[in-house]
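# Observations on chain architecture
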Amino acid sequence: MENEYKGKVLEVVECMKDELINQLYMIKFDSDDLDYNGIENIQDNANLYLECINGIYQDYITGVVNKDDEIEIYYNPMGSLFYRKVGDDK
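Residues numbered from 1 in each chain as written. Predicted model: local features only at pLDDT ≥ 70, side-chain atom pairs only at ≥ 80, totals over all residues. Heavy atoms only, no water.

### Quick word on a nonpolar patch on the surface
- Together, L10, Y57, Y60 and I61 give the surface a local cluster of nonpolar side chains, amounting to about 400 Å² of exposed area.
- In terms of residues, the nonpolar patch owes the most to one element, helix α2 (residues 36-61), which gives 3 residues.
- Counting through the fold element by element, I61 comes out in helix α2. (Patch = residues over 30% accessible without salt bridge, like charges linked within 9 Å, V, L, I, M, F, W, Y side chains within 5 Å. Areas by Shrake-Rupley, 256 points an atom, 1.4 Å probe, with all protein chains shown as cover. Salt bridge = Lys/Arg side-chain N within 4 Å of Asp/Glu carboxyl O. Helix = DSSP H or I, 4+ residues; strand = E, 2+ residues; numbered from the N terminus.)

See below:
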């Protein structure tokens, strides 16, 4: 499985936030190509990113990861994003 993002915790979270913003910019009401399914797909993607960021945040505040740890974000074909610390064999 190929990683989506790799880097230090804060860098990865910033990249994920940028991707969320890019997803939102894809919604254009004045476009002839706008359809409900497109907005639903953007919502689904945003939820995936937010759930992953929340998991990282929960681990960050409990000390499981710190800002200097290197992590990788992976997409699970079953429909989720997850992260793991680089070098963690779990």
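### What to know about the state of the cysteines
- Enumeration according to the criterion identifies 0 disulfides in this entry.
- Counting only cysteine sulfurs, C52 is the nearest neighbor of C15, a cysteine outside any disulfide, at a range of 12 Å.
- The exposure class assigned to C52 is buried, which follows from its relative accessible area of 4%. (Disulfide = S-S within 2.5 Å. Buried < 20%, exposed > 50% of the residue type's maximum accessible area, 1.4 Å probe, protein only.)

### Some words on the side chain of Q23
- With respect to the element layout, Q23 can be found in helix α1 (residues 9-25).
- Excluding residues that lie within four positions of it along the chain, Q23 makes contacts with I42 and N45. (Contact = heavy atoms within 4.5 Å.)

### Looking at α1
- Taking 1.5 Å as the rise per residue, α1 with 17 residues should run 24 Å; its terminal C-alpha atoms sit 25 Å apart, in good agreement.
- V9, V12, V13, M16, L20 and Q23 are the residues of α1 that are buried. Angular distribution of buried residues about the axis of α1 spans 100°; they occupy a single face of the element. (Expected span 1.5 Å × (residues − 1). Arc of directions from axis to C-beta.)

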